[in-house]
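# Tertiary structure, described
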Amino acid sequence: MLTIHHLNESRSQRIIWLAEELGLPYRVTAHSRDPRSHLAPDSLRRLHPLGKAPMVEHRGRMLAETGAIVAHLARGSALLPPEGTEAGDAVRYWLHYAEGSAMPPLVMKLVLSTIPQRAPLLVRPVARALVAGVHKAYLGPELDRHADWWEHALAATGWFAGHDFTAADVMMSFPVEMGSLRADLSGRPATRDWLARIHARPAYRRALTAGGPYSGAAAG
Ligand SMILES: N[C@@H](CCC(=O)N[C@@H](CS)C(=O)NCC(=O)O)C(=O)O
């Protein structure tokens, strides 16, 4: 039995969805974010020094890092074509890209957006101007480039890797959902269509029931 350590409103929603897609028996151990800081509770740090979600316990081992967990769970299934094949290489690219390239600017945007309201009242206008400057000069164009890349990739076949649904689509759900909650997708029809199709999958719906409220499900 697989135990999924799930943090509300987080990347671990993808692992519940993947377990549903693969038909793996699992149980969810829920961990709740601190309502003020939104950080993970100590219960996750007791399982791993970094204390991040997701973490899974499988066959007596504790696994961390979403891409590594996805590769471990999907190995041997149709969602992860064999290493060394063109299809396998394509899926692996997106497994690395999602957390290695797409998420850093999204997290940076989230963190920067909280700076003005945390700043002392007197310097708040300066903080707001600084954040707007970073966004205009770097973050905005960077995020646009990523969103354009998703649109380009999805326009070819409707899926991130190859002609069918794979682990790449599960892995990319979190950055695309986070990105689209903060961007206008009207000029990106392939991305909107993909979001509607993944959100309609029965396994995705079952994962929402198992994982609890998740705002990414409203993206699109
Ligand atoms: N690259 C890591 C990122 C893990 C991560 O940052 N998880 C977030 C949840 S979305 C977390 O645990 N945040 C709470 C905290 O940092 O306290 C992965 O994909 O597993």
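Our subject is the structure that appears above.
Calculation rules
Residues numbered from 1 in each chain as written. Predicted model: local features only at pLDDT ≥ 70, side-chain atom pairs only at ≥ 80, totals over all residues. Heavy atoms only, no water. Patch = residues over 30% accessible without salt bridge, like charges linked within 9 Å, V, L, I, M, F, W, Y side chains within 5 Å. Areas by Shrake-Rupley, 256 points an atom, 1.4 Å probe, with all protein chains shown as cover. Salt bridge = Lys/Arg side-chain N within 4 Å of Asp/Glu carboxyl O. Helix = DSSP H or I, 4+ residues; strand = E, 2+ residues; numbered from the N terminus. Pairing = 2+ DSSP bridges. Axes fitted to C-alpha atoms, helices over the stretch in contact; angles between N-to-C directions. 1 Å grid on protein atoms, 1.4 Å probe; cavity = no way out; pocket = protein on both sides within 12 Å on 5 of 7 lines; lining within 4 Å. Points joined across faces, edges and corners; volume = space filled by probe spheres on them. Nonpolar A, V, L, I, M, F, W, Y, C, P; charged D, E, K, R; others polar.

### A closer look at a nonpolar patch on the surface
On the surface, Leu122, Val123, Val126 and Leu130 cluster together to form a nonpolar patch covering roughly 440 Å² of accessible area. Mapped onto the fold, Val123 is located in the loop between helix H4 (86-118) and helix H5 (124-157).

### Some remarks on the sheet that holds strand E4 (residues 61-64)
In a beta sheet, neighbouring strands pair by backbone hydrogen bonds and run either parallel or antiparallel. The strand order across the open sheet formed by four strands is E2-E1-E3-E4, and the pairing between neighbours is mixed. Unpaired on one side and paired on the other, strand E2 (26-31) and E4 mark the two borders of the sheet. Within this sheet the neighbouring strands show an average axis-to-axis angle of 20 degrees, counted without direction. For strand E1 (residues 2-7) and E2, the ladder comprises six bridges, and the chain directions are parallel. Residue pairing for E2: Ile4 is matched across the bridge by Val28.

### Some remarks on empty space enclosed by the protein
A water-sized probe rolled over the atoms picks out the places where empty space is left. Applying the stated criterion across every chain yields a total of one cavity of 30 Å³ or more. Lining the largest cavity are Gln13, Arg14, Trp17, Ser173, Glu177, Tyr204 and Tyr214. Contributions of two or more residues to the lining of the largest cavity are made by helix H1 (12-22) and helix H6 (167-181). Counting residues per element, the lining of the largest cavity draws most heavily on H1, which supplies three residues. Its residues assigned to classes, the lining of the largest cavity shows three nonpolar, two polar and two charged.

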